Amino acid sequence: MNKENIYNCLIIGSGPAGYTAAIYASRANLNPIMIEGLEPGGQLTTTTDVENFPGYPEGIMGPEMMLDLKKQAERFGTKIISGMVKSVDFSKEKGGIHKIVSNNDTVYLSKTVIISTGASAKYLGLESEKKYMGFGVSACAVCDGFFFKGEDVVIVGGGDSAAEEAIYLSKLCNKVYLLVRKDKMRASKIMAKRVMENSKIETLFNHETIEILGNESVHSVKVLNNKTNKEITIKASGFFVAIGHKPNTDIFKGQINTDDVGYIITKPDSSLTNLPGVFASGDAQDSIYRQAVTAAGSGCMAALDAERYLSEFE
Ligand code: NDP
């Protein structure tokens, strides 16, 4: 094996965790390589204003922030590869070499791996949801809201994502119906208040989706009031799903320890996984905080952990 082809540090995923890991690893002279993943820049590229990332008193647009992070990582020499990781073969030995295969069958070898693959949107699992995907159904209001300008839309979910997206849609659409399956929203108080005070949003508590109806594209949504068992049909051309996310960790199954949902288990107060030289950061290992700033912090931890691990073999 040619030693020159073995990287010190390979980062999988390009959200705030991945880029922060890249900034730290490259400034520590680890010459990291990053494989960007399916959604370069991660979930923040599908959001608008980020108002809670420290250092931006006026807020910043998500995609702009991710471009800045990318530039910062590249400035210190991170090699960024477009593409996805198809499979991994992690070494179980301390000091072992990990093998990562990309979607174009390129094989990368690395002494350490930082997993920062994030999480993806969840769907309801209805047949009609699949059928009308891209024809009225979307999991990203910011990406697709524009197509429903002046129209009536439905959005499902009761968390901060649903609240944020409902407010976003209210700026574009004629009317937004928010379906919350419980009698209250899970969203933070401030976000829930903004939703309730928005005259364009009608929140329907205790309502669940039965079916999305349409011809070539969505024209209405059949919903059930789970308290009264009454069904109603809402006329709407857009159906947005905002019911949370699933960690993108399927490719690591059987090698990396995860919880039941798929979140990678890290050793307390560290980014260490069950395998030596493999570290996890960001939403792929965080089911609790899931914020850009906590993801960035954990990316920093992973790079420092990788650097310490490598220094043991120098
Ligand atoms: P959450 O897990 O917080 O909320 C998911 C919501 O979807 C819940 O209300 C849940 O209902 C509902 N839901 C789940 N499954 C279904 C289903 N099958 N049918 C109908 N409803 C369903 O996810 P979010 O994506 O909203 O937020 C994730 C994290 O990101 C949170 O910590 C949040 O605070 C944070 N966030 C912060 C933002 C900000 O600060 N600007 C913006 C967006 C997210 P139930 O309550 O009944 O379980």
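Just above sits the structure.
Remember, predicted model here, so these are calculated numbers, not experimental data.

Asker: Just to check I follow, could you spell out the overall build of the protein chain for this structure?
Answerer: The number of helices and strands found in the protein chain is 7 helices and 19 strands. Taking 20 Å as the expected radius of gyration for a compact globule of 314 residues, we find that the protein chain reaches 21 Å, a close match to that expectation. Dimensions of the protein chain along its principal axes, counting C-alpha atoms only, are 65 × 40 × 35 Å. Within the span of the protein chain, comprising 314 residues, buried residues form 49% of the whole. For the protein chain, restricting intrachain contacts to residue pairs at least 6 apart in sequence, the fraction spanning at least 24 positions comes to 59%. Carbon and sulfur atoms provide 50% of the accessible area of the protein chain, an area that totals close to 16200 Å². For the protein chain, the distance from the average site of its 34 positive side-chain charges to the average site of its 37 negative ones is 2 Å.

Asker: Would you mind going over the pairing of strand S14 (residues 207-214) with me for this structure?
Answerer: It is a general feature of regular strands that their side chains alternate between the two faces of the sheet. Both S14 and strand S15 (residues 218-225) contribute to a ladder of 7 bridges, which runs antiparallel. Within S15, the residue paired with Glu208 across the bridge is Leu224. Between the end of S14 and the start of S15, which pair antiparallel, lie 3 residues.

Asker: Could you clarify how one ought to interpret the packing of aromatic side chains in this entry?
Answerer: Working definition: an aromatic ring pair is given by the centre-to-centre distance plus the angle between the planes. Tallied over the full model, the rule gives 6 aromatic pairs. A centroid spacing of 6.2 Å and a plane angle of 50 degrees characterise the contact between Phe53 and Tyr56, whose relative ring orientation is tilted. Classification of Tyr56 as partly exposed rests on a relative accessible area of 27%. Taken together, a centroid distance of 6.5 Å and an interplanar angle of 75 degrees make the contact between Phe146 and Phe147 edge-to-face. Residue Phe146 shares its accessibility class with Phe147, and that shared class is exposed.

Asker: I would appreciate a short explanation of helix H2 (residues 62-75) in the present structure.
Answerer: Think of an α-helix as turning once every 3.6 residues; residues three or four places apart then point the same way. In a regular helix each residue adds 1.5 Å, so 14 residues correspond to 20 Å; H2 covers 20 Å between its end C-alpha atoms and thus fits that length. Within the span of H2, buried status applies to Gly62, Met65, Met66, Leu69 and Ala73. Buried residues in H2, looked at end-on, bunch into an arc of 100 degrees, giving them a common side. Facing away from the buried side of H2, by more than 90 degrees, are the exposed residues Leu67, Lys71 and Arg75. The inward-facing, buried residues of H2 abut helix H1 (16-27), strand S3 (49-50), strand S4 (60-61) and helix H7 (292-311). Phi turns positive, to about 100 degrees, at Gly77, one or two residues after H2.

Asker: Where do I start with the sheet that holds S15 in this structure?
Answerer: Within a sheet, each strand pairs with its neighbour through backbone hydrogen bonds, oriented either parallel or antiparallel. On the basis of which strands lie adjacent, the open sheet formed by 3 strands has the order S14-S15-S16 and antiparallel pairing. Only two strands of the sheet have a single partner each, and these edge strands are S14 and strand S16 (231-235). Between one strand and the next, the sheet's axes are offset by a mean angle of 25 degrees, whatever the strand orientation. As paired elements, S15 and S16 share 5 bridges and run antiparallel to each other.

Asker: Help me understand a positive patch on the surface in this model?
Answerer: There is a patch of like positive charges on the surface, built from Lys122, Arg181, Lys182, Lys184, Arg186 and Arg290. Relative to the elements of secondary structure, Arg181 occurs in the loop between strand S12 (175-180) and helix H6 (189-196). With relative accessibility at 61%, the residue Arg181 sits in the exposed group.

Asker: Whenever I open this one, the nonpolar core confuses me. Can you help?
Answerer: Across soluble globular proteins, you tend to see nonpolar side chains buried next to one another. Within the largest apolar cluster, 26 residues are counted, with the highest numbers of intra-cluster contacts made by Ile11, Met65 and Ile114. Mapped by element, the contributors of at least two residues to this core are strand S1 (6-12), H1, H2 and H7. Broken down by element, the residue count for this core peaks at 7 residues, all from H7. When sequence neighbours within four positions are dropped, the list of residues in contact with Ile11 reads Gly18, Ala21, Ala22, Pro32, Ile33, Met34, Ile35, Ile114 and Ser116.

Asker: How should I be thinking about the site of the ligand in this particular structure?
Answerer: Near the ligand you find 17 residues, and of these Gly158, Asp160, Ser161, Arg181 and Arg186 are the closest. Here Asn52 contributes a side-chain N or O atom positioned 3.3 Å from an oxygen atom of the ligand. Contact with the protein chains removes 78% of the 920 Å² of surface that the ligand exposes when unbound. When residues of the shell around the ligand are assigned to their parent elements, the largest contribution, 3 residues, is made by helix H5 (residues 160-170). Looking at the shell around the ligand residue by residue, the class counts come to 3 nonpolar, 8 polar and 6 charged. Split by domain, the shell around the ligand shows at least three residues from each of two domains, domain 1 (3-120 + 245-311) and domain 2 (123-241).

About the criteria used
Residues numbered from 1 in each chain as written. Predicted model: local features only at pLDDT ≥ 70, side-chain atom pairs only at ≥ 80, totals over all residues. Heavy atoms only, no water. Helix = DSSP H or I, 4+ residues; strand = E, 2+ residues; numbered from the N terminus. Rg over C-alpha atoms; globule rule 2.2 N^0.38 Å. Buried < 20%, exposed > 50% of the residue type's maximum accessible area, 1.4 Å probe, protein only. Contact = heavy atoms within 4.5 Å. Areas by Shrake-Rupley, 256 points an atom, 1.4 Å probe, with all protein chains shown as cover. Lys, Arg positive; Asp, Glu negative; His and termini not counted. Charge placed at Lys NZ, Arg CZ, Asp CG, Glu CD. Pairing = 2+ DSSP bridges. Phe/Tyr/Trp six-rings, centres within 6.5 Å; stacked < 30°, edge-to-face > 60°. Expected span 1.5 Å × (residues − 1). Arc of directions from axis to C-beta. Axes fitted to C-alpha atoms, helices over the stretch in contact; angles between N-to-C directions. Patch = residues over 30% accessible without salt bridge, like charges linked within 9 Å, V, L, I, M, F, W, Y side chains within 5 Å. Salt bridge = Lys/Arg side-chain N within 4 Å of Asp/Glu carboxyl O. Core = buried A, V, L, I, M, F, W, Y, C linked by side-chain atoms within 4.5 Å. Near = heavy atom within 4 Å. Polar contact = N/O pair within 3.5 Å; in protein donor to acceptor, adjacent residues only side chain to side chain. Nonpolar A, V, L, I, M, F, W, Y, C, P; charged D, E, K, R; others polar. Domains from an automatic or database assignment.

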